[in-house]
Structure formats: structure tokens, C-alpha cells
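Take a look at the letters that make up each chain.
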Amino acid sequence: MKALYLECNAGISGDMLVAALLDLGADRSALDEALSSIPAKGFIYNISRVKKAGVDCCDFDVQLDEEHENHDHDMAYLHGLNNDTKIHHYTHKHCYEQQQEHFDETIHSHDYEHQHDQYSEEYYHEHRDETVHSHNNEHGHEYNNAPQEHHHKHEHRGLQEVMEIIAQTSMTEAARALAIKIFDIIAEAEAKAHAVPKNEVHFHEVGAIDSIVDIIAIAVCVDSMNITEVIVPELCEGRGTVRCQHGVLPVPVPAVANIMQKYQITMKLLPIEGEFVTPTGAAAVAALRTCSELPPSFTIASIGLGAGKRNYERPSILRAMIIDDGNKKEFSALHVDTVCKLESNIDDCTGELLGYTMERLLAAGALDVSYVPIFMKKQRPAYELQVLCEPQAKEAMEKIIFAETSTIGIRHTLMERSILPRHEEVVQTMYGAVKVKVCDQGRDSRYYVEYNSAVETAEKNNVPLIEVYREVHACFA
């Protein structure tokens, strides 16, 4: 069985993951088409080769104009550098050479208010000169602990605004769903960190256009490679603090810590000052990971190296590998994801209350709700309430259960499930259109009539429901 293995010994960020996937062979044309269609301005992106610690890596670089700059890669801004800090800088020569490598590659501009060629050339020269100057320690420049003031106006987007950008971007529906899933994971983590509802979260760094570009790029690259299995044993993170628009925060930052807690991602702390795992990187792992353990033995089919922008004692390199353990999977298209199972034993609720609780849970997004007859202590007949939901929906489900039932405790477990790929189709029958769910199982496909759609068609035509089912079955005969 083949799988994508992410070796996050130097953490993970959005741009590192995109670069590693491109180096593995992700579809460059699909990526260019998607990024050129993003309905936002103020950025250019560049794909090139750079060297990190002497190792050749792919680099995916989203550069912002002055209005949109968020200093995400500005080491002085992030950490307040001084002579005692252990964070490494580029020398003047290294920085110039690396920027020259970027400049020699094709640069893609995305600012609708300027001519693309003019904007790319003018902004890039300005950016290159600033970078060489600001990281030039050999010429006697010193950094103090207080970063320089930045007077740029930062864009703060809400979740709905981000979703609208994703909705208008040209990509497959599978890629769009993955991009939405990654941003939803970040929104949940930020909402918890700031104690506000998810839809009221205003993204700062993660809502900046470069992070939106990174997440869309991740989704498009993964989708183009037909990846179904992703192995991530652990994420290595640094220590200390990092500056962001909320102020100086501990590492890992709250959003990253919340994601790693909710999705039970193993974290290994490095004895190094710095932020190695970004919210985008952590959310991508939470959305993609299907397994946390490597097979005992495997072969390597291909390797991709993605370069990071920040410069710490440990070089920022993400290594991605397509590995094969030699085992054949019965259903190559089988998908594995993570769900949360909630359970509670209830012996003193009426059937009316339990029925209403089920309705509320399903309306709130539960994947499934069931009741199992059981006997509890003192020989009392009772019901075990079982709820399956997405991990990020756990708290919402628990609130409903506590509010609507008499229970005083809920058990919860994260578990993996294997599911067949499925899609929805519309079948034209003599009674009208009826929706069906089609599941792929190797060479065979199964179809299931969507109950609500069949009921609506039966009532509209005043015919028995079974007649609608027969008509649908006849279409697949």
C-alpha cells in the first residue's frame, strides 16, 4: 500500500508543505490555474529551487505588497533578535544569492489594480533590496528586543469571507472541500483560544492572503496526487515565544496547541527557541492524517523537500515521501478519517425527550445518532445514547445532550473509520428527478436512494413510495 509520509523533524508550515508536494510531483498546471483565479489582490507567488543547509529544496514563496505585508517571515519582528538569541540569520551574500535564485524563476503576479509585468518587476526589486538590507548582520546592523514599528493596514477576514474566496476559486470539488476543512479546523481552534463563536472569529495572520493561498495550494496539490493515506507520526515544535498581531504568545501558539489537543497529534518539543509549527501546518496535518504510525518496513517511491522561510538552528526543511509497504489494499480507493463517538447511559428520560434529542443532534450536524436498549444497575431498563460526529463538533453535541437529557456524564472516544468514496447523482424517472448516493467499491458501484428525495417525489405524484424506489432501481438495472 502506498502512502504519503510527512517527516516533520523541523515542524511544518503551509508553504513548506506546498513546496514538498510540488517536489513530489503535484500538478503545477492545476496549481497555477487555481491560484490565478483567486478573487483577491496584493500577492505574487514564486516556485524555485533553494538550498537549506546545503540541501537542494523546492521553495513556494507567496510575497505580499506593502499594503498586505504581515511580517510572517520577518525574524526581527517575530522574535526581537539580539546578540544572545540562538536564531540564525542569513549573511548578506547568502541572502543575495537566494533572492537571485528566486528572481531568475517565473514570478506570478496577482494584483488586479496594476499591470502584472510592471507590478512583478517593481515589487520584486523592492522586496529583494529590503531583504538583503534588513538581514545584513555583516555590515554592523544590530537588532534590539523591540521590533520596529510597522504601519501597514492588516486585513482581518472572517470565516465567511474566507469561504467566499474559496468558493470562487477554480479547483475541483474535492480540493475545495479539503481547503474548507483546513480553514474550519483553524476557525475552531481560534474560536476556542479567543472564547468566541466560530463564525465570529476574525483571522489575522491566518486570514492574510498568503495563508489563504497556502491552504488553497495544499488542497489542490493533494487532490492532484490522488493521495488517500497520510502518515504523520509527530510534529516537532520549538520553545519560547513568538510575536503576532495579538502580541507576544508562547510556543506553540494557542491555535496550534488547540489543534494538537483536539486531534491528538503527538508533539515533540525541541531544545530550540522558535516557532516551528504554524496554525496552517497543524490544521493541514489534522485534515490529512489517516495514520500516526509508520509500517515496520517499506520502500521509498519518491521524495520531496520543502523549504521554510524562517531560519533557526535546525534548518526549516519538510521531507515528504511516497512510501510502499508492499501490502495490497483490497479497495485502493478506501478512505480513512477520524470521528468522535459520544456515549451516555440514560435510565430516567421519556421517549419524547429522547426522540427530540435525536432530532436536535442530527440537525446540529451529527453523522449518526442511535439508542441501544440496555439494563443498568438495580436492574433498570435504560438506553445507551450513541452519537457519531466530526471531532470539531464534539462540544456542540455535548451541550445538546446535557441540555436535553437527564444525563450527568458523557463518554467520548476518537476513532478511525474506513469509508467508501461516494458522490451524489440525480436520476430521471417517470415521476421526476430523484437523488441517489453512489458508492465506489473497486470495479463495482453501489447506489442508495436518498429517502427524503424519494418521499418528496412520491408525495408530489401521489404514488406509493415503493413505486418511486422501483423506478430508480430500474434505471440502474
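What you see is a predicted model, and the numbers here were worked out from it, not measured in a lab.

Chemist: Describe the pattern of salt bridges, and please don't skip the residues or the numbers.
Modeler: Pairing between side chains becomes possible if they bear opposite charge and their charged atoms approach one another. For the coordinates displayed, the defined rule picks out 15 salt bridges. Between E404 and R360 there is a salt bridge whose closest N-O contact spans 2.7 Å. Pair noted here: E404 is in helix 12 (residues 394-404) and R360 is in helix 11 (residues 351-363), with a separation of 44 residues, a long-range link. The residue R470 makes a salt bridge to E467 at a minimum N-O spacing of 2.8 Å. Here the residue R470 and the residue E467 both occupy positions in helix 14 (residues 465-476), the gap between them amounting to three residues, near one helical turn. By relative accessible area, E467 is classed as partly exposed at 26%. Connected through shared salt-bridge partners, K341, E343, E384 and R411 make up one network.

Chemist: Please give an account of the packing of aromatic side chains that cites residues and values.
Modeler: Considering all chains together, one arrives at three aromatic pairs under this definition. Taking the centre distance of 4.7 Å and the plane angle of 35° together, the rings of F276 and Y312 count as tilted. Separated by 36 residues along the polypeptide, F276 in the loop between strand 11 (267-273) and helix 10 (279-288) and Y312 in the loop between strand 12 (299-307) and strand 13 (317-324) bring together distant segments of the chain. Of the residues examined, F276 reaches a relative accessible area of 3% and is grouped as buried. The class for Y312 is buried, based on a relative accessible area of 5%. Both rings, one in Y371 and one in Y383, keep their centres 6.3 Å apart while their planes meet at 80°; by these two values the pair is edge-to-face. One end of the pair, Y371, is in strand 15 (residues 368-376); the other, Y383, is in strand 16 (residues 380-389), and twelve residues separate them in sequence. Taking relative accessible area as the criterion, Y383 reaches 41% and is therefore assigned partly exposed.

Chemist: Outline the sheet that holds strand 14 (residues 335-346), listing residues and values.
Modeler: Read from one edge of the open sheet, four strands run 15-16-14-17, paired in antiparallel fashion. Pairing within the sheet leaves two strands with one partner each, and these edge strands are strand 15 and strand 17 (411-419). Across the sheet, the mean angle from the axis of one strand to that of its neighbour is 30°, orientation sign disregarded. Strand direction decides the pairing type here: strand 14 and strand 16, joined by seven bridges, are antiparallel. The residue bridging K341 from the neighbouring strand is L388, located in strand 16. Docked against the sheet, helix 11 engages strand 14, strand 15 and strand 16, running at close to 150° with respect to strand 15.

Calculation rules
Residues numbered from 1 in each chain as written. Predicted model: local features only at pLDDT ≥ 70, side-chain atom pairs only at ≥ 80, totals over all residues. Heavy atoms only, no water. Salt bridge = Lys/Arg side-chain N within 4 Å of Asp/Glu carboxyl O. Helix = DSSP H or I, 4+ residues; strand = E, 2+ residues; numbered from the N terminus. Buried < 20%, exposed > 50% of the residue type's maximum accessible area, 1.4 Å probe, protein only. Phe/Tyr/Trp six-rings, centres within 6.5 Å; stacked < 30°, edge-to-face > 60°. Pairing = 2+ DSSP bridges. Axes fitted to C-alpha atoms, helices over the stretch in contact; angles between N-to-C directions. Contact = heavy atoms within 4.5 Å.

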